[in-house]
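# Geometric and topological summary
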Amino acid sequence: MTGVEAQSVEAHLEVPSLEVRGLAYAYPDGTQALYGVDLTIGRGERVALLGPNGAGKTTLVLHLNGILHGGLGEVRVGGLAVDPKDKATLREIRRRVGIVFQDPDDQLFMPTVREDVAFGPANLGVRGADLDRRVRDALGRVGMLEVADRPPQHLSFGQRRRVAVATVLAMEPEILVLDEPSSNLDPASRRELAEILFSLDVTVLMVTHDLPYAAELCPRSVILSGGVITADAPTFDVLTDTGLLRTHRLELPFGFDPTATAR
Ligand code: ADP
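Residues numbered from 1 in each chain as written. Predicted model: local features only at pLDDT ≥ 70, side-chain atom pairs only at ≥ 80, totals over all residues. Heavy atoms only, no water.

Another point: helix H6 (residues 157-169). End to end, H6 covers 19 Å across 13 residues, agreeing with the expected 18 Å (1.5 Å per residue, within 8%). Listed as buried for H6 are Gly158, Arg160, Arg161, Arg162, Val163, Ala164, Val165, Ala166, Thr167, Val168 and Leu169. For H6, the elements touching its buried residues are strand E6 (97-100), helix H4 (113-123), helix H5 (128-141), strand E7 (175-179) and helix H7 (187-199). (Helix = DSSP H or I, 4+ residues; strand = E, 2+ residues; numbered from the N terminus. Expected span 1.5 Å × (residues − 1). Buried < 20%, exposed > 50% of the residue type's maximum accessible area, 1.4 Å probe, protein only. Contact = heavy atoms within 4.5 Å.)

What follows is the structure in structure tokens.
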């Protein structure tokens, strides 16, 4: 490798997965949901996005892949600016930002698990052995290879959520955005999903009210409250700051001691 090549590889590695600059947005009815959000997430980081209901978390997430736009500021994913007017860019942004919605049934609609996971990459033109490899790899990463030929509706809720994660991983995203990943899971499924998320080698932004899940999985937490980021710190510091939690209507479950958890 020449010196110039080495420098360009280094520069590429330093491009953050996500850069949000001065993002402000009001809905058409005039409700101001975001008031200038700045957030940078480096490659491979796992960050929890915390905040009370109505804080603007969904509004922020929907800006990451250009579903919402038209306000002020800028969003870049792996260095590429979200430009809702440029179809090719938007397509690439939607590949880079893998959103796993709260209800897996919003994401699974094909006759078999395999077809659901193949759907996105096939749409991008991936075919044959490459497509098979992607599907196998994505299902393997969430421990769901053995259900590849089953209809998604025949799986448990926890299994369907894991398959929904696989549909996004098959796109080889720059950042995995999870909306309340632990919601409606029984304790065993919740733990299994945590182990899977912990094992993935991808950048993660996790929207959650489940503070123990944030403590377990995300070294860094950001609090969004009233459309602004009011804290951005190690999760341990956030969860042990009782005044901060109270101010932003965040509550630790009864008996949970953040000082007793460490991976
Ligand atoms: P969160 O996901 O943190 O609960 P949201 O992003 O859903 O917060 O909402 C942020 C603010 O925007 C709230 O005041 C909410 O009422 C408002 N809001 C959300 N969706 C709409 C919409 N479609 N039209 C008008 N206001 C909205």
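Attention now moves to the pattern of salt bridges. Under the criterion given, the structure shown has 14 salt bridges. In this structure, Arg95 and Glu92 form a salt bridge, with 3.0 Å as the shortest nitrogen-oxygen distance. You can see Arg95 and its partner Glu92 sitting in helix H3 (residues 87-96), three residues apart, about one turn around the helix. The partner of Arg114 in a salt bridge is Asp149, and the shortest N-O contact between them spans 3.0 Å. (Salt bridge = Lys/Arg side-chain N within 4 Å of Asp/Glu carboxyl O.)

What follows concerns the environment of Arg162. Position of Arg162 among the secondary structure elements: in helix H6. Arg162 sits 82 residues away from Leu244 along the chain, and the two C-alpha atoms are 33 Å apart. Non-local contacts of Arg162, meaning those with residues more than four positions away in its chain, are made with Val142, Gly143, Met144, Glu192, Leu193 and Ile196. Among the polar contacts listed, one links the side chain of Arg162 to the side chain of Glu192, at a separation of 3.1 Å. (Polar contact = N/O pair within 3.5 Å; in protein donor to acceptor, adjacent residues only side chain to side chain.)

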